[in-house]
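# Topology and contacts: notes
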Amino acid sequence: MAITRDVFSSRFGFILAAAGSAVGLGNIWGFPTQTAGNGGAAFVFMYMVLAFCLAFPAFMAEIIIGRHGQANAVTSLLNVANTNKQKRFAFLVGIVGVVGAGLILSFYAIVAGWMMAYTIEPISHIFFSSETTGWLTDFSLSRNLIFTFIFILLNIWIISKGVSNGIETWSKRLMPLMFILLIILILYVFTLEGAAQGLIAYISPDFSRVFEPSLVLSALGQAFFSLSLGSGVMIVYGSYIPKNTNIVSLGAQVTLIDVGIAFLAGLLIIPAMYVAQAQGVEIFSADGRLLAEDTLVFQVLPSLFNNMGDIGLLVASAFFALMSIAALTSSISMLEGPVSYVVERFNISRVKSALYLGAIIFTMSALIINNFDLLFGFIITLVTKYSQPLVGMCCCIFVGWIWQRNSLLNEIKQGFENAESSMFWKVWPIYTKIICPLAIGAVFLHSIL
Ligand code: PHE
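About the criteria used
- Residues numbered from 1 in each chain as written.
- Predicted model: local features only at pLDDT ≥ 70, side-chain atom pairs only at ≥ 80, totals over all residues.
- Heavy atoms only, no water.
- Helix = DSSP H or I, 4+ residues; strand = E, 2+ residues; numbered from the N terminus.
- Rg over C-alpha atoms; globule rule 2.2 N^0.38 Å.
- Buried < 20%, exposed > 50% of the residue type's maximum accessible area, 1.4 Å probe, protein only.
- Areas by Shrake-Rupley, 256 points an atom, 1.4 Å probe, with all protein chains shown as cover.
- Phe/Tyr/Trp six-rings, centres within 6.5 Å; stacked < 30°, edge-to-face > 60°.
- Lys NZ or Arg CZ within 6 Å of the ring centre and 35° of its normal.
- Salt bridge = Lys/Arg side-chain N within 4 Å of Asp/Glu carboxyl O.
- Axes fitted to C-alpha atoms, helices over the stretch in contact; angles between N-to-C directions.
- Parallel < 35°, antiparallel > 145°, perpendicular 65-115°, else oblique.
- Left-handed = near helix turned anticlockwise from the far one by under 90°.
- Contact = heavy atoms within 4.5 Å.
- Nonpolar A, V, L, I, M, F, W, Y, C, P; charged D, E, K, R; others polar.
- Patch = residues over 30% accessible without salt bridge, like charges linked within 9 Å, V, L, I, M, F, W, Y side chains within 5 Å.
- Core = buried A, V, L, I, M, F, W, Y, C linked by side-chain atoms within 4.5 Å.
- Near = heavy atom within 4 Å.
- Polar contact = N/O pair within 3.5 Å; in protein donor to acceptor, adjacent residues only side chain to side chain.

## Focus: the overall build of the protein
Scanning the protein from terminus to terminus reveals 18 helices and zero strands. Computed over the C-alpha atoms, the radius of gyration of the protein is 21 Å, within 12% of the 22 Å expected from 2.2 N^0.38 for a compact globule of 449 residues. Each principal axis of the C-alpha distribution contributes one length, and for the protein these read about 65 × 50 × 40 Å. In the protein, which comprises 449 residues, the share counted as buried stands at 57%. For the protein, the accessible area works out to roughly 18100 Å², and carbon and sulfur atoms hold 66% of it.

## Focus: the packing of aromatic side chains
Within the structure shown, the criterion is met by 25 aromatic pairs. Seen in terms of ring centroids, Trp114 and Phe376 are 5.9 Å apart; in terms of plane orientation they differ by 45°. Their pairing is tilted. Taken together, the residues Trp114 in helix α5 (residues 84–127) and Phe376 in helix α16 (residues 372–402) connect sequence positions 262 residues apart. Of the two residues examined, Trp114 and Phe376, each falls in the buried class. An angle of 45° between the planes, with centres 5.0 Å apart, marks the rings of Tyr118 and Phe320 as tilted. With Tyr118 in helix α5 and Phe320 in helix α14 (residues 310–346), the pair connects residues that are 202 residues apart, well separated along the chain. The class of Phe320 is buried, set by a relative accessible area of 1%. Across from the ring centre of Trp170, 4.7 Å away, lies the NZ or CZ of Arg173, which sits over that ring.

## Notes on the pattern of salt bridges
Once the charged atoms of two side chains with opposite charge are near each other, the side chains can pair. Going through the model one piece at a time under the given rule, you end up with six salt bridges. A salt bridge links Glu411 to Arg67, with the nearest nitrogen and oxygen atoms 2.8 Å apart. Separated by 344 residues along the polypeptide, Glu411 in helix α17 (residues 405–413) and Arg67 in helix α3 (residues 41–69) bring together distant segments of the chain. Of the two residues, Glu411 and Arg67, neither departs from the other in class, the shared state being buried. The residue Glu336 makes a salt bridge to Arg350 at a minimum N-O spacing of 2.9 Å. Separated by 14 residues along the polypeptide, Glu336 in helix α14 and Arg350 in helix α15 (residues 350–370) bring together distant segments of the chain. Classification of Glu336 by relative accessible area gives buried; the value is 0%. Salt bridges sharing common partners tie together Arg67, Lys243 and Glu411.

## Concerning the packing of helix α8 (residues 163–189) against α14
Close contact between α8 and α14 brings their axes to 9 Å; oriented N to C, the two are set at 150°. Here α8 lies roughly antiparallel to α14, going by the angle between them. The two elements α8 and α14 cross, and the hand of that crossing is left-handed. Across from Val163, Ile167, Ser171, Leu174, Met175, Leu177, Met178, Leu181, Leu182, Leu185 and Tyr188 in α8, the residues of α14 making contact are Ile311, Val315, Ala318, Phe319, Ala321, Leu322, Ile325, Ala326, Leu328, Thr329, Ile332 and Glu336.

## A few points about the side chain of Ser330
By secondary structure assignment, the location of Ser330 is in helix α14. According to the relative accessible area criterion, Ser330 is buried, its value standing at 2%. The residues touching Ser330, leaving out its near neighbours within four places in the chain, are Gly20, Ser21, Val23, Gly24 and Tyr108.

## Here's the deal with the packing of helix α2 (residues 25–37) against helix α12 (residues 247–278)
Direction vectors running N to C along α2 and α12 enclose 60°, while the axes themselves pass 8 Å from each other. By the angle between their directions, the pair α2 and α12 is classed as oblique. Along this stretch, α2 crosses α12, giving a crossing that reads as right-handed. Only Asp258, Ala262, Phe263, Ala265, Gly266, Ile269, Ile270 and Met273 of α12 make contact with α2, whose side of the interface consists of Asn27, Ile28, Phe31, Pro32, Thr35 and Ala36. Counted by class, the contact of α2 with α12 contains ten nonpolar, three polar and one charged residues.

## Looking at a nonpolar patch on the surface
A cluster of nonpolar side chains, namely Phe378, Leu382, Tyr386, Leu445, Ile448 and Leu449, defines an oily patch on the protein surface of about 600 Å² accessible area. At the level of secondary structure, the elements contributing two or more residues to the nonpolar patch comprise α16 and α18 (423–448). It is α16 that provides the largest number of residues to the nonpolar patch, a total of three residues. Topologically, Tyr386 is positioned in helix α16.

## Description of the nonpolar core
Ranked by internal contacts, the top residues of the largest apolar core, which has 167 residues, are Phe319, Met323, Ile412 and Trp428. Apart from the residues within four sequence positions on either side, Trp428 is in contact with Pro57, Met60, Ala61, Ile64, Val399, Leu408 and Ile412.

## Focus on unusual backbone geometry
A positive phi is found at Ser228, a non-glycine position, where the angle reads about 60°. By the element assignment, Ser228 lies in the loop between α10 (213–226) and α11 (233–239). In the Ramachandran plot, Asn347 falls in the positive-phi region, its phi being about 60° despite a non-glycine side chain. Relative to the helices and strands, Asn347 resides in the loop between α14 and α15.

## Side note on the site of the ligand
Neighbouring the ligand are 17 residues; Ala22, Gly26, Tyr108, Phe225 and Ser226 lie closest to it. Measuring from a nitrogen atom of the ligand, one finds a backbone N or O atom of Ser226 at 2.9 Å. For the ligand, whose unbound accessible area comes to 330 Å², protein coverage reaches 100%. Of all the secondary structure elements, the ones that give two or more residues to the shell around the ligand are α1 (11–22), α2, α5, α10 and α14. For the shell around the ligand, the class distribution of residues is seven nonpolar, ten polar and no charged.

In structure tokens:
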């Protein structure tokens, strides 16, 4: 039985959904933390260069494969392959991507659960006992399990509603809300003492650090994670883009939004750190290194909010709501990757697929929560340092080396008639063929050596 595929109902819908996937904890937590730990503005500068020069071409490769295939990640990759050998390779890459997306969700949901608990905590101060309030921020098994469960349920609920009614509708609701919260928080932080010093550290790069190998590699890794590459997610979202849409300008807009929001998040968090420092919270060690890199948002910022008195409760709640929303619009894309595969491959209804896969992913999260020290860091490393770069690199290889040039050009030309004479067509094929695979390969080698 042929399945009628749901698509994004408008160009705007795709932009918000894809930007929703891209903009997540990676932007609002990962980017500012890495910036603070890697020499401030030097990292921001390198991140911007790499996001546009390397991550954007790889991102285009994924959404074009998807739009051409009009199917889940595995089928779309198979569609580009010609020989049997290539088809086996395509299947392997697709499956690793789909499983990787599920694994990302299994740890992402835990972190998103913390964000939700921290959103409620300031409010619970008003209504509940200090014991309940303490439970929300204490690192307990019950708190972690319950909030991860709630978060995964939210994902199942949105994904089971489908592409236009679920993903698109909720991205359209949540993304503007997230943006407004971000702007309000930035404006507020800039009224506080110490913010100006943070701004200077954020926007004046120390160019002597820009080319430090570890900085360059972290920036590239960050750019790839941030654009949701190497997980099959953007292939699936690409498959929901109507054929009459100019996919190149669409991809460029999503990249701009992703980078723009990361920049704005830095504009909030770096000055907020300096405000906290001005209030006596210790942030840097004597030799200038950032203390508590991973726990920045859970320790440094809450102590800043605490110092603000009553308004601090509101600001804290808004800040963690911002994080939770950003996490949700990203996590739905992680669930959509595996769900679209199961729906199309095994002909199982969307609701059932979302439920089954959600249950499997929650089981995985529970396993991680129960063996936190052993598994949390391990799964993150496995996916973000190994499978994502490799799958991303293979997608570039498919576009650059396997897909026939004419067929590729014809795909881009749909919705973009002048593609052949465009700057994009002059530069991008070389990038996906040579530069992206080499650069991603370098990151991969560096991370395993
Ligand atoms: N891009 C998301 C973020 O920045 C993370 C993500 C990775 C989403 C892979 C989907 C797939 O947080």
